[in-house]
Amino acid sequence: MMIKTTPEYINTLLVDLTFELKLLNLWQIPLPTEEALSSSAPFCCDTLAFEQWLQFIFIPKITMMINHQQALPSKISITPMAEEAFKHLSMSAKSVLGVIHKIDKALTEQGKQHD
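Residues numbered from 1 in each chain as written. Predicted model: local features only at pLDDT ≥ 70, side-chain atom pairs only at ≥ 80, totals over all residues. Heavy atoms only, no water.

Participant: So what's going on with the environment of Thr-6? Residues and values would help.
Facilitator: Tracing the sequence through the fold places Thr-6 in the segment before α1 (7–23). Considering only alpha carbons, one finds Thr-6 and Glu-109, 103 residues apart in sequence, at a separation of 9.4 Å. At 3.0 Å, the side chain of Thr-6 and the backbone nitrogen of Tyr-9 are in polar contact. (Helix = DSSP H or I, 4+ residues; strand = E, 2+ residues; numbered from the N terminus. Polar contact = N/O pair within 3.5 Å; in protein donor to acceptor, adjacent residues only side chain to side chain.)

Participant: Could you give an account of helix α5 (residues 94–113), naming the residues involved and the relevant values?
Facilitator: Compared with an ideal rise of 1.5 Å per residue, which puts 20 residues at 28 Å, α5 spans 29 Å between its outermost C-alpha atoms and is within 8% of the ideal. Those residues of α5 that sit buried are Val-96, Val-99, Ile-100, Ile-103, Asp-104, Ala-106, Leu-107, Glu-109, Gln-110 and Gly-111. (Expected span 1.5 Å × (residues − 1). Buried < 20%, exposed > 50% of the residue type's maximum accessible area, 1.4 Å probe, protein only.)

Participant: With reference to specific residues and values, describe the packing of α1 against α5.
Facilitator: Two elements in contact, α1 and α5, have axes separated by 9 Å at closest approach and are oriented at 160 degrees. In terms of their interaxial angle, α1 and α5 are classed as roughly antiparallel. As α1 runs across α5, the sense of the crossing is left-handed. Contacts between α1 and α5 involve Tyr-9, Ile-10, Leu-13, Leu-14, Asp-16, Leu-17, Glu-20 and Leu-21 from the first element and Ser-95, Val-96, Val-99, Ile-100, Lys-102, Ile-103, Ala-106, Leu-107 and Gln-110 from the second. By residue class, the composition of the contact of α1 with α5 is twelve nonpolar, two polar and three charged. (Axes fitted to C-alpha atoms, helices over the stretch in contact; angles between N-to-C directions. Parallel < 35°, antiparallel > 145°, perpendicular 65-115°, else oblique. Left-handed = near helix turned anticlockwise from the far one by under 90°. Contact = heavy atoms within 4.5 Å. Nonpolar A, V, L, I, M, F, W, Y, C, P; charged D, E, K, R; others polar.)

Laid out in structure tokens, this is it:
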């Protein structure tokens, strides 16, 4: 049985992700430079740390898509990148990785609902 995934649920997960990043002191107050934000590499991996990409690219983009009732990406998995990026945090990263996994699953499920 497929669970209905709503944009509101995904938005709640984004709020949870923000909270977890702040708990781990991975939330950055100053904005990255304009050059860092204009990278053309996937995940801006050449100019941003993964947590910066989450904060300044992923969370705002998905939030904007929800607010404008746009179709959300469904063929995306950021969990592997998160596991690699946060492996140095070991046990303290479990909660943030759990939220990221839930986001991946929710985006995949909502995509199936629209197929």
